[in-house]
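# Per-entry structural report
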Amino acid sequence: MSDGTVLHVRGRVLVGPEDVRDELWVVDGRVTFDRPAAAGDVRTVDGWVLPGLVDAHCHVGLDAHGAVDAATSEKQALTDRDAGTLLIRDAGSAADTRWIDEREDLPRIIRAGRHIARTRRYIRNYAHEIEPGDLTAYVRAEARRGDGWVKLVGDWIDRERGDLAACWPGDALAEAIAAAHEEGARVTAHCFAAESLPDLLAAGIDCVEHATGLTEELIPAFAERGVAIVPTLVNIATFPRLAVGGDLRFPAWSAHMRRLHARRYDTVGAAHDAGIPIFVGTDAGGSIAHGLVADEVAELVKAGLSPAEALSAATWSAREWLGRPGLEEGASADFVVYAEDPRADVRVLADPRQVVLRGSPVG
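Now for a quick tour of the structure. (Residues numbered from 1 in each chain as written. Predicted model: local features only at pLDDT ≥ 70, side-chain atom pairs only at ≥ 80, totals over all residues. Heavy atoms only, no water.)

### A few points about the state of the cysteines
All told, the structure shown has 0 disulfides when counted by the stated rule. For C207, which is in no disulfide, the shortest distance to another cysteine sulfur is to C191 and amounts to 9.8 Å. By relative accessible area, which is 0% here, C207 ends up buried. (Disulfide = S-S within 2.5 Å. Buried < 20%, exposed > 50% of the residue type's maximum accessible area, 1.4 Å probe, protein only.)

### Examining the environment of T5
Looking at the secondary structure, you find T5 in the segment before strand 1 (6-14). What makes T5 buried here is its relative accessible area of 14%. Considering only alpha carbons, one finds T5 and D41, 36 residues apart in sequence, at a separation of 5.0 Å. (Helix = DSSP H or I, 4+ residues; strand = E, 2+ residues; numbered from the N terminus.)

### Some details on the nonpolar core
Counting 78 residues, the largest nonpolar core has L135, V150, L152, L214, F222 and L300 as the members making the most contacts within it. A total of 5 residues in this core trace back to one element, the largest contributor, which is helix 3 (residues 170-182). In this structure L300 touches P231, L233, V268, I278, V280, L305, A310 and A313, once residues within four positions along its chain are discounted. (Core = buried A, V, L, I, M, F, W, Y, C linked by side-chain atoms within 4.5 Å. Contact = heavy atoms within 4.5 Å.)

### A short note on helix 8 (residues 251-262)
For helix 8, built from 12 residues, the straight-helix expectation of 16 Å at 1.5 Å per residue is met to within 8% by its first-to-last C-alpha distance of 16 Å. Within helix 8 the residues assigned to the buried category are W253, S254, H256, M257, L260 and H261. Seen along its axis, helix 8 keeps its buried residues to an arc of 160°; they face one direction. On its buried face, helix 8 is in contact with strand 13 (155-158), strand 14 (163-166), helix 6 (233-236), helix 7 (239-246) and helix 9 (264-274). (Expected span 1.5 Å × (residues − 1). Arc of directions from axis to C-beta.)

### Comments concerning unusual backbone geometry
The phi dihedral of N125 falls on the positive side, at around 75°, and the residue is not glycine. Along the chain, N125 falls in the loop between strand 10 (116-118) and strand 11 (128-130). Of the residues examined, N125 reaches a relative accessible area of 46% and is grouped as partly exposed. Backbone geometry places R358, a non-glycine residue, at a positive phi of 55°. Within the element layout of this structure, R358 appears in the loop between strand 19 (354-357) and strand 20 (360-362).

### A closer look at the side chain of D283
Mapped onto the elements, D283 comes out in the loop between helix 9 and helix 10 (293-302). Within the buried core, D283 has no salt-bridge partner, and the shortest N-O distance to an opposite charge, that of K151, equals 6.0 Å. Side-chain polar atoms of D283 contact the side chain of N235, separated by 2.4 Å. In this structure D283 touches H57, H59, H210, T232, N235 and I288, once residues within four positions along its chain are discounted. (Lys, Arg positive; Asp, Glu negative; His and termini not counted. Salt bridge = Lys/Arg side-chain N within 4 Å of Asp/Glu carboxyl O. Polar contact = N/O pair within 3.5 Å; in protein donor to acceptor, adjacent residues only side chain to side chain.)

### Concerning the sheet that holds strand 4 (residues 42-51)
The 7 strands are arranged 3-2-1-4-18-19-20 in an open sheet whose pairing can be described as mixed. Across the chains shown, the open sheet's two edge strands, defined by having one partner strand only, are strand 3 (30-32) and strand 20. On average, adjacent strands in this sheet sit at an angle of 40° to one another, irrespective of strand direction. Note that strand 1 and strand 2 (residues 20-27) share 6 bridges and pair antiparallel. Across the sheet, the residue bridging to R10 is E23, located in strand 2. (Pairing = 2+ DSSP bridges. Axes fitted to C-alpha atoms, helices over the stretch in contact; angles between N-to-C directions.)

### Here's the deal with the packing of aromatic side chains
Scanning the model with the defined rule gives 6 aromatic pairs in all. Through a chain of ring-to-ring contacts, three or more aromatic side chains come together here, namely Y122, Y126, W156, F192 and F239. When the ring centre of W149 is taken as reference, the NZ or CZ atom of R89 above it lies at 4.6 Å. (Phe/Tyr/Trp six-rings, centres within 6.5 Å; stacked < 30°, edge-to-face > 60°. Lys NZ or Arg CZ within 6 Å of the ring centre and 35° of its normal.)

### Concerning the environment of E182
Take E182: it is sitting in helix 3. For E182, a relative accessible area of 59% gives the class exposed. Sequence separation of E182 and I229 is 47 residues, and the distance between their C-alpha atoms is 22 Å. There is a polar contact of 2.6 Å between the side chain of E182 and the side chain of R140.

### Describing the environment of A37
Position of A37 relative to the elements: it lies in the loop between strand 3 and strand 4. Taking C-alpha positions, A37 is 45 Å from T232, a pair spaced 195 residues apart along the chain.

Now the structure itself:
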C-alpha cells in the first residue's frame, strides 16, 4: 500500500487451481509470501483470494454509437474494477484510452487498437472501414498502435445476401495476419457464422471472438492449432432480441441468429471437450453493460466447463495467455477477496469482499 501500511491477507490464497496458500502479504504494492521482517502498520483481510479477474473481450471507451468521452470511459473502467476485473483485453475501441495507464486506481488494459472492418459491414463509427487491398497496411498500423493484438471483423450481415457473410478473401487475410505476426502482434476476429472460419484458420488466426459458428468439422483444426475462443455468452444471449428486429427485412439472418443462439452451449461444450483454449469475455461497451464478468463465468459452467475450469478462464490461464502475472512473488498485488470458496460456487464472484489493485484496497 502506498501509505506504508502492510496488507496481510489470511485464509485461502488460490495461487493456482491446486496451489493454495494460507496467507500472503502486500508490501510496497507487491505480493510476497514471506512475512515482512519489520512490519509497521498492518491491515488484515480474511477470505478466499483469486488473482484479479480477466475480461478478455471488453471495450472501454466505446458505447453503442462509437467512441465516448473520458468521463464515460472512466465510469466503464471503474464498473469493471469494482466487479473484480483488474485486467482487460480491450478487443477494439475507437477511443484513445492510454491515459488510463497513468491511473493507479483503474484496471490494466491490453489494447487491440481499433476494429478493422469491410466498408459498410459493421457497426457505424466503430471501425476502420476499408477494402481488402488496404487490409495489410491497416493491420500493420493497428499492430503498432495496440498492445500486441489486432482486431478484425471476420463476418457481418451482407444486406444484399440478407445473411451473415465473410468479410475478407483468404489471400488478403493470409498477407495481413502474416504482417501482424511480423510486427509481434496476435490477431483475433469477430465471427458469428461458420463461413469465415476456414480462411481465418488457413491464414493463421490466433483467436476468434464469439465463435458461435464452430462446427464439428472445424473444431479439430482449432484444437490442433491452439486457436483460442472467447465465447462472450452474455452477448450471445441477446441474439433472439436482435433476430426479432430483422424478421421483416432479413428473415434468413434472423433465423441464422436464432440457430446460433439455440446451440450456443453445445458449441462451447464441444470446443471445451476438444481441448480448445477458452477464455472469459463479456463484450462490454457496445450494447452490453460493464461489470458482468461473474455472469460470463457462470455461463461457461452452464456450457460444460467445471467451476475450476471456468475460474481459470478468468484468472490463471487467462493471465498466462495474455502474458501477465497472477499471484506470484514480487508481482503487482492485483487480487480479489471473497467470503466463500469460488471453486465451490462460481456465483461467489458476483460479491467480492475486497478488491486490491496495485497493492491498495479500492472500490
